[in-house]
Structures are given as C-alpha cells and as structure tokens.
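Geometric and topological summary
Listed below are the residues making up each chain.
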Amino acid sequence: MTNWDAVLVDAVNRVWSGYLTSEGFRLVAVEHGVIELQRDGVLLTLSLYFDYPGTSPRGLSVGVGIRDEYGRADTVGLWSAIPPDHPAQKHFLGDCATEAELDAVLGRLRDNVLPVFAAPLWRDRGLIEDLLDRQRAAWDEEHQRQLDQRHLDQARAAFKEGRFQAAIDHYALAGHGLTAADKKRLHIARRETGPTER
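Every chain begins its residue count from 1, and numbering advances along the sequence as written. In keeping with the predicted nature of the model, local features appear solely for residues at pLDDT of at least 70, side-chain atom pairs appear and are counted solely at 80 or more, and the whole-chain, interface and lining totals rest on all residues. Processing note: side-chain calculations cover all non-hydrogen atoms of the structure and skip hydrogens and water entirely.

A word on the overall build of the chain. The numbering of helices and of strands both runs from the N terminus, where a helix is a DSSP run of H or I of at least 4 residues and a strand a run of E of at least 2. Across its full length, the chain holds seven helices and five strands. Tracing the chain from N to C terminus, the helices and strands come up as α-α-β-β-β-β-β-α-α-α-α-α. In terms of overall size, the chain is more extended than a compact globule, its C-alpha atoms giving a radius of gyration of 24 Å where 198 residues would be expected to give roughly 16 Å. Dimensions of the chain along its principal axes, counting C-alpha atoms only, are 75 × 40 × 35 Å. Accessible area is worked out with a 1.4 Å probe on protein chains only. A residue is then buried under 20% of its type maximum, exposed over 50%, and partly exposed in between. Relative to its 198 residues, the chain shows a buried fraction of 37%. In this analysis, two residues are considered to be in contact whenever any of their non-hydrogen atoms come within 4.5 Å of each other. Considering only contacts within the chain whose residues lie at least 6 apart along the sequence, 48% involve residues at least 24 apart. Between the averaged position of the 24 positive side-chain charges in the chain and that of its 30 negative side-chain charges there is a distance of 8 Å. Note on method: radius of gyration uses C-alpha positions; expected globular size equals 2.2 Å times residues raised to 0.38. Only four residue types enter the charge count: Lys and Arg as positive, Asp and Glu as negative, with His and the chain ends excluded. To locate a charge, the coordinates of NZ of Lys, CZ of Arg, CG of Asp or CD of Glu are taken.

Looking now at the environment of alanine 158. Checked against the element boundaries, alanine 158 lands in helix H5 (residues 125-160). Residue alanine 158 is classed as buried on the basis of its relative accessible area, which comes to 0%. For the pair formed by alanine 158 and isoleucine 168, sequence separation is 10 residues and the distance between their alpha carbons is 8.9 Å. The contacts of alanine 158, once residues within four sequence positions are left out, are Arg163, Ala166 and Ala167.

Once that is clear, we can look at the pairing of strand S1 (residues 26-31). Relative to strand S2 (residues 34-39), S1 is paired through five bridges, and the arrangement is antiparallel. By the bridge assignment for S2, arginine 26 is matched with glutamine 38. Only strands joined by at least two bridges in the DSSP assignment are considered to pair.

This next bit is on the nonpolar core. Each nonpolar core is a collection of buried residues, namely Ala, Val, Leu, Ile, Met, Phe, Trp, Tyr and Cys, held together in the definition by side-chain atoms within 4.5 Å. Core analysis: the largest hydrophobic core is formed by 40 residues, its most contacted members being Trp16, Leu44, Leu46, Leu60, Leu106 and Trp122. Only helix H1 (4-15), helix H2 (17-22), S2, strand S3 (42-50), strand S4 (57-67), helix H3 (99-112), helix H4 (114-123) and H5 provide two or more residues apiece to this core. By residue number, the principal contributor to this core is H1, which donates seven residues. The residues contacting leucine 46, other than those within four sequence positions of it, are Leu8, Val12, Trp16, Gly33, Val34, Ile35, Leu37, Leu60, Ser61, Val62 and Leu106. With 11 residues, the next largest nonpolar core counts Leu152, Ala155, Tyr171 and Leu186 among its residues.

On average, residues of the chain score 86 in pLDDT, and 92% of them reach the 70 mark or higher. Highest mean pLDDT in the chain belongs to H4 (92); lowest belongs to S4 (84). pLDDT is defined as a per-residue confidence score from the predictor, taking values between 0 and 100.

So, about unusual backbone geometry. Although it is not a glycine, aspartate 40 adopts a positive phi angle of roughly 50°. Accessibility expressed as a relative area gives 70% for aspartate 40, which makes it exposed.

Take the pattern of salt bridges next. A pair is scored as a salt bridge if a Lys or Arg side-chain nitrogen falls within 4 Å of a carboxyl oxygen belonging to Asp or Glu. Per the stated rule, a full pass over the model turns up 13 salt bridges. Its salt-bridge partner being glutamate 99, residue arginine 14 comes within 3.8 Å of it at the nearest N-O pair. Remark: glutamate 99 occurs in helix H3 and arginine 14 occurs in helix H1; sequence separation between them is 85 residues. Residue class for arginine 14 comes out partly exposed when judged on its relative accessible area of 42%. The partly exposed category is assigned to glutamate 99, whose relative accessible area is 44%. In this structure, the salt-bridge partner of glutamate 161 is arginine 163, at a minimum N-O distance of 2.8 Å. Given a relative accessible area of 42%, arginine 163 falls into the partly exposed group. Through salt bridges that share partners, Asp153, Arg156, Asp182 and Arg185 make up one connected network.

Moving on: the packing of H1 against H3. Axis lines are fitted through C-alpha atoms, for helices just across the contact stretch, and the angle between N-to-C directions can take any value from 0 to 180 degrees. For the pair H1 and H3, interaxial distance at closest approach is 10 Å and the crossing angle is 45°. Between H1 and H3, the crossing angle belongs to the class labelled oblique. Both H1 and H3 take part in a crossing whose hand is right-handed. When H1 is examined against H3, the residues Val7, Leu8, Ala11, Val12, Arg14 and Val15 are found in contact with a partner set consisting of Glu99, Leu102, Asp103, Leu106, Gly107 and Arg110. Basically, the charged four are Asp, Glu, Lys and Arg, the nonpolar ten are Ala, Val, Leu, Ile, Met, Phe, Trp, Tyr, Cys and Pro, and anything else, Gly included, counts as polar. Of the residues assigned to the contact of H1 with H3, the class counts are seven nonpolar, one polar and four charged. When an angle is under 35 degrees it counts as roughly parallel; over 145 it counts as roughly antiparallel; between 65 and 115 it counts as roughly perpendicular; any other value is oblique. Take the far helix as the reference: if the near one is turned anticlockwise from it by less than a right angle, the crossing is left-handed, and if turned clockwise, right-handed.

Below, the structure is given as structure tokens:
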C-alpha cells in the first residue's frame, strides 16, 4: 500500500522546495494526509484527495491560511483567490495517481499559480483574512439557506397534515423564498386559525 503522505512530501521537496525556501516557508507538519508549510504564521497546506478510500489520488488541494496566537489554523482553498473563469483554475486539475502526474500538477501550480495568486496572500495577511471572511460569509449563507429550506419543508408537511398553526410558524421562520403556492398555503392557514387579515 502506497504511503501517499511520503509521496506528497517527496514531490513537494522535488518540485517546490527551491521556490518555497526562497519565499521563507518551511515544512512544519505532515498529519492525516495534510502537509503544512509555514512562514511567519502564514500557512500553505497541501493534501491529496481521493474518490474512494484505498484508491489512487485524483487531485491536489492547496490552501492558504493563518495560525493564530493560540496555535489554531484557519485556512481557505487557494482556488478561491482566483477568479472562477480564470485559466489558472485548470492548474488544480489533473490526476495525481503517479509521481510523474503529481510532479506535473505541482509544477503547473508553482509556475502559474503560486507567484501570481498565492504570493500576494502570504505577503499581505489582510488578503488572507478577507478570503477567510468571505468563506465564513458563504458558509453562513449556505447554513441559513438550509435552515430556510428545512422550515419550508416542515411548513408544507404541517399544512398537508392540517396543522395550520405549525405551518404558519414554520413559514415565519423560513424567511424568504416562499413560492406562490407557499403564500397561498400561508393565507389559507391563517384563515383557518383566525380572522382573515385585512
């Protein structure tokens, strides 16, 4: 069985060591499939991802982040620093099932992505903090969307079961996103539980 942590460390040493050393990075950890390099509290992380456990890796994930004064790390995918339609996005793609394929992906990232998109981040921590803030906001938005959807589903189920007050309560918690059918159900539920609002 291949020790992919060792393979990735060897590949990073082979392909990136000169560039990373010149930028002041040093290897600080290899743990649970993640390689962590650090420079003045700024992190660069690499990990291979797999379609299924025990298979060959299908790609490489690269993150940038910050380690706080308590030793906690907060990272964000480097891809998020690149505009979605920018050609550099494709440099993250490519099989990494062999050392040659891994070296090729690392080489493309070293030549086309790190100097242009990563180096400005690790030279200005504020840019990393902005990316982290955007990531948190996106997570919060997705979490709220899921909560709203759960309340909509519960409201629809309650209405169908004739539990009109529960339907009203869940519609109120759902916030935005009511369809025309939901608004009609809400109107009916309100009519069934009390006087029609004027």
